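Tertiary structure, described
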Amino acid sequence: MKRVRVATVLFVLVILLALAFVRFAPINMISAHKEPQLGQPIKQAATIDQSGGFYTSRILDGFPGENMRQIDEIIRNTPRTSVVAGSVSSGMVTYVTRSRILGFPDLTTVKVELTKDGTHLWLWGRLKYGLSDYDVNKRRILGWLQQL
């Protein structure tokens, strides 16, 4: 009986340590702040839904800097969201948004650039840990675009 208790306590400690690691592990800025690696060519306006993330792009009216400031303001007002790397002035920013209870990190990279078709905005949300995000990134990004 004593071995069962010890094994149970050790199991609970391992789970708590794993959860603490997920919540408090730093985000590597170099590997997080990058353009999408989607395994297929990216079109000017496209949407790609993946089990571990979501990519979408839009052609917008207005100037790139103005659009970047607007989307940055919307994203920064999202609870539990902060900047990992990049800046509005550079035209590309990566954010981390953590889940409410366990603090699982999702990364979102936003880029705005001027193309021959107009201002191209793309957003790439993906999970940091796990295999599926259960469309959390998709809902978050589409919500941001709706506010924009």
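What comes next concerns the included structure. Predicted, not measured: the structure shown is a model, and the values here were computed from it.

Right, let's talk about the overall build of the chain for a bit. Along the chain, the regular secondary structure elements total four helices and six strands. Starting at the N terminus and walking to the C terminus, you meet the elements of the chain as α-α-β-β-α-β-β-β-β-α. For the C-alpha atoms alone, the extent of the chain along its principal axes is close to 70 × 30 × 25 Å. A total of 148 residues make up the chain; the buried ones form 39% of that total. By sequence separation, contacts in the chain at least 24 residues apart represent 54% of the contacts at least 6 residues apart. A total accessible area of about 9,200 Å² is found for the chain, and carbon and sulfur atoms account for 60% of it. Here the chain contributes 19 positively and 11 negatively charged side chains, and the mean placements of these two sets differ by 15 Å.

The next thing to look at is the packing of aromatic side chains. Tallied over the entire structure, the rule returns two aromatic pairs. Ring geometry for Tyr55 against Trp122: centres 6.3 Å apart, planes inclined by 40°, an arrangement best described as tilted. Taken together, the residues Tyr55 in strand β2 (residues 53-60) and Trp122 in strand β6 (residues 118-127) connect sequence positions 67 residues apart. Taken as a pair, Tyr55 and Trp122 share a single burial class, namely buried. One Lys or Arg, Arg126, reaches over the ring of Trp124 and ends 3.9 Å from the middle of that ring. When the ring centre of Tyr129 is taken as reference, the NZ or CZ atom of Lys128 above it lies at 6.0 Å.

Turning to a nonpolar patch on the surface, a few remarks are in order. Together, Val6, Val9, Leu10, Phe11, Val12, Leu13, Ile15 and Leu16 make up an exposed nonpolar region whose accessible area comes to about 730 Å². Here Phe11 shows up in helix α1 (residues 2-24). For Phe11, a relative accessible area of 55% gives the class exposed.

The next subject is unusual backbone geometry. Look at Tyr134: it is not a glycine, yet its phi comes out positive at around 55°. Within the secondary structure layout, Tyr134 lies in the loop between β6 and α4 (136-147). Overall, Tyr134 belongs to the exposed group, its relative accessible area being 69%. Phi at Asp135 is positive, roughly 65°, even though this residue is not glycine. With respect to the helices and strands, Asp135 occurs in the loop between β6 and α4. For Asp135, a relative accessible area of 36% gives the class partly exposed.

Pairing is antiparallel in the open sheet, where six strands are placed in the order β1-β2-β6-β5-β4-β3. Of all the strands in the sheet, the pair left with one neighbour each is β1 (47-50) and β3 (81-87). For this sheet the average axis-to-axis angle between neighbouring strands, irrespective of direction, equals 15°. Bridge count for β3 against strand β4 (residues 92-98) is six bridges, and the pairing is antiparallel. When the bridges of β4 are listed, Ala85 appears paired with Thr94. Lying on the sheet, helix α3 (residues 64-76) is in contact with β2, β3, β4, β5 (105-115) and β6; it crosses β5 at an angle near 165°.

Quick look at the environment of Gly86 now. By the secondary structure assignment, Gly86 is in strand β3. Residue Gly86 is classed as partly exposed on the basis of its relative accessible area, which comes to 41%. A C-alpha to C-alpha distance of 9.8 Å links Gly86 and Lys34, two positions 52 residues apart in sequence. Apart from the residues lying within four places of it in its own chain, the contact partners of Gly86 are His33, Met92 and Val93.

Analysis parameters
Residue positions are given per chain, counting from 1 as you read along its sequence in written order. In keeping with the model being predicted, local features are shown solely for residues with a pLDDT of at least 70 and side-chain atom pairs are shown and tallied solely at 80 or more, while totals for entire chains, interfaces and linings include all residues. The side-chain quantities take in all heavy atoms of the structure and omit both hydrogens and water. In this description a helix means any DSSP run of H or I spanning at least four residues, a strand means any run of E spanning at least two, and both kinds are numbered starting from the N terminus. Exposure classes here rest on a 1.4 Å probe applied to the protein chains alone. A residue is buried below 20% of its type maximum, exposed above 50%, and partly exposed in between. We call two residues in contact whenever any of their non-hydrogen atoms come within 4.5 Å of each other. Residue-level accessible areas treat just the shown protein chains as cover; the underlying method is Shrake-Rupley with a 1.4 Å probe. For the purpose of charge, His is not counted, nor are the chain termini; Lys and Arg are scored as positive and Asp and Glu as negative. By convention, charge coordinates are those of NZ in Lys, CZ in Arg, CG in Asp, or CD in Glu. Whether two aromatic rings pair depends on their centres lying within 6.5 Å, for rings of Phe, Tyr and Trp, where Trp uses its six-membered ring; planes under 30 degrees apart make the pair stacked, over 60 edge-to-face, and the rest tilted. Over a ring means this: the NZ of a Lys or the CZ of an Arg is within 6 Å of the ring centre and within 35 degrees of the ring normal. Patches here are clusters of residues that have more than 30% relative accessible area and form no salt bridge, with a 9 Å joining cutoff for like charges and a 5 Å cutoff for nonpolar side chains (Val, Leu, Ile, Met, Phe, Trp, Tyr). We define a salt bridge as a contact between a side-chain nitrogen of Lys or Arg and a carboxyl oxygen of Asp or Glu at a distance within 4 Å. A pair of strands is labelled paired if DSSP reports no fewer than 2 bridges between them. Throughout, an axis means a line fitted to C-alpha atoms (over the contacting stretch in the case of helices), and angles, computed between N-to-C directions, take values from 0 to 180 degrees.

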